[in-house]
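Coordinates in review
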Amino acid sequence: MDLANTLKPVKGEDALATVAQLRDFLAGHRGPGTAGPGSTAGAPCPAPRSRLDSTDLAEVRAVRETVRAVLEGAASDPAGTAALINDGLRRSRATLVLRNEHDRWWTEAVSDTDRCAAHLATATLSALASVIAARGPSRLGVCAGQACRGTFVDLSRNGSKQFCTSTCAHRASVAAYRSRSRHRERRAPESG
Ligand SMILES: [Zn+2]
């Protein structure tokens, strides 16, 4: 979600436009099994951040396109979305591994390459696939807020999420209230 939302299509803002921004993004999103500070070992990125270059940036931006397409299309076109996810996982050479730590067991998809973008694609697409498998494709969506194309994953109990953030939800409820008030004001002279 964070990867998808580095792009704000309506405002035309892009927080993933430079290699420095890519480094910052990855610094804030280190995956499980990661070594100490400054390292990007483990998901989502195997290479040291200092070695990332414009090719990595272009590849990660392409992954973001796929992730956005998945989040935007899952509810309306689940079959097409599944094909996108499967194709993305295949191209990033995702494989499943079984992990164990302190009596806890879990499975994790990892990429069999040294490309940063492939690790990011594996981590994000496998996570979205898990949400769809567990809760259905309609749990992925685009914010209903005006002038916002932010995306969200709805993990709420009843699956009623419509907005990317509480800010957008609040803005929409204020706008709806104002619109109702205006409507009442216009009607008042005629009816009374
Ligand atoms: Zn929003």
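Residues numbered from 1 in each chain as written. Predicted model: local features only at pLDDT ≥ 70, side-chain atom pairs only at ≥ 80, totals over all residues. Heavy atoms only, no water.

**Here we look at the layout of surface pockets**
To find leftover empty space, a probe the size of one water molecule is rolled over the atoms. Using the following cut-off: Of the grid points, spaced at 1 Å and generated over the protein atoms alone, those admitting a 1.4 Å probe that cannot get out make up cavities, while open sets with protein on both sides within 12 Å along at least five of seven lines make up pockets; any residue with an atom within 4 Å of a point is treated as lining. Grid points are joined across faces, edges and corners, and a volume is the space filled by probe spheres set on the points. In this description a helix means any DSSP run of H or I spanning at least four residues, a strand means any run of E spanning at least two, and both kinds are numbered starting from the N terminus. All residues other than Ala, Val, Leu, Ile, Met, Phe, Trp, Tyr, Cys, Pro, Asp, Glu, Lys and Arg, Gly among them, are scored as polar; the first ten of these are nonpolar and the last four charged.
The calculated volume of the second largest pocket comes to roughly 280 Å³. Around the second largest pocket, the lining comprises 16 residues; the ones closest to its centre are K8, K11, C148, C164 and C168. Elements supplying a minimum of two residues to the lining of the second largest pocket: β1 (7-8) and α5 (166-191). Here the element with the most residues in the lining of the second largest pocket is α5; it accounts for 3 residues. For the lining of the second largest pocket, the class distribution of residues is 7 nonpolar, 5 polar and 4 charged.

**Focus on the side chain of T124**
Inclusion rule: For every residue, the accessible area obtained with a 1.4 Å probe (protein chains only) is divided by the maximum for its type, and the residue is called buried under 20%, exposed over 50%, and partly exposed between those limits. Here a polar contact means two N or O atoms within 3.5 Å. Within protein one must be a hydrogen donor candidate and the other an acceptor candidate, and residues neighboring in sequence count only if both atoms are side-chain atoms. Throughout, a residue-residue contact means that at least one pair of heavy atoms, one from each residue, lies within 4.5 Å.
By secondary structure assignment, the location of T124 is in helix α4 (residues 116-135). You can call T124 buried: its relative accessible area is 17%. Side-chain polar atoms of T124 contact the backbone oxygen of A121, separated by 3.3 Å. Those residues within four positions of T124 in sequence are excluded, and the remaining contacts are L3, V63 and V67.

**With respect to the pattern of salt bridges**
Filter applied, for reference: Put simply, a salt bridge is a Lys or Arg side-chain nitrogen that is within 4 Å of an Asp or Glu carboxyl oxygen.
In this structure the tally under the stated criterion is 11 salt bridges. E59 is the partner of R115 in a salt bridge, and the nearest nitrogen-oxygen pair spans 3.0 Å. Of the two residues, R115 is situated in the loop between β4 (104-111) and α4 and E59 in helix α2 (residues 54-73); the sequence distance between them amounts to 56 residues. Since its relative accessible area comes to 31%, R115 is described here as partly exposed.

**Quick word on the pairing of β4**
Along any regular strand, the residues point their side chains to alternate faces of the sheet. To be explicit about the condition: Two strands pair if DSSP finds at least two bridges between them.
Across 8 bridges, the pairing between strand β3 (residues 94-101) and β4 is antiparallel. Paired with E101 across the strands is R104, a residue of β4. Remark: 2 residues form the turn of the hairpin made by β3 and β4, two consecutive strands paired antiparallel; H102 in that turn has positive phi of roughly 45°.

**Regarding unusual backbone geometry**
For R93, which is not glycine, the phi dihedral falls at a positive 50°. The topology assignment puts R93 in the loop between α3 (78-91) and β3. Judged by relative accessible area, which is 46%, R93 ranks as partly exposed. For D103, which is not glycine, the phi dihedral falls at a positive 65°. Residue placement: D103 occurs in the loop between β3 and β4. The class for D103 is exposed, based on a relative accessible area of 76%.

**Looking at the coordination of the zinc ion**
Defined as follows: For Na, K and Ca the donor cut-off is 3.2 Å, and for all other metals it is 2.8 Å, counting N, O and S atoms only; because water is absent from this set, sites may look incomplete. Sites are called tetrahedral only when four donors show all angles between 85 and 135 degrees, square planar or octahedral only when four or six donors show opposite pairs over 155 degrees and all other angles between 65 and 115, and irregular in any remaining case.
The zinc ion binds to the protein through C143 (SG), C148 (SG), C164 (SG) and C168 (SG); the donor distances cover 2.3 Å. One way to put it: the 4 donor atoms around the zinc ion meet at angles of 106 to 114°, and that makes the site tetrahedral. Mapping the donors of the zinc ion onto the primary sequence gives the spacing C-x4-C-x15-C-x3-C. With C143 in the loop between β5 (140-142) and β6 (151-153) and C164 in the loop between β6 and α5, this residue pair connects regions lying 21 residues apart in the sequence. In this structure, C143 and C164 share a single accessibility class: buried.

**Structural notes on the packing of α3 against α4**
Test applied: Helix axes use the C-alpha atoms of the stretch in contact, all axes being lines fitted to C-alpha atoms, and the angles between their N-to-C directions lie in the range 0 to 180 degrees. Each helix crossing is assigned a hand: it is left-handed if the near helix lies turned anticlockwise from the far helix by less than a right angle, otherwise right-handed if that turn is clockwise.
Packing of α3 against α4 leaves a shortest axis separation of 9 Å and a crossing angle of 145°. Note that α3 runs across α4; the crossing there is left-handed. Across from T81, I85, G88 and L89 in α3, the residues of α4 making contact are T122, L125, S126, A129 and I132. Looking at side-chain class alone, the contact of α3 with α4 contains 5 nonpolar, 4 polar and no charged residues.

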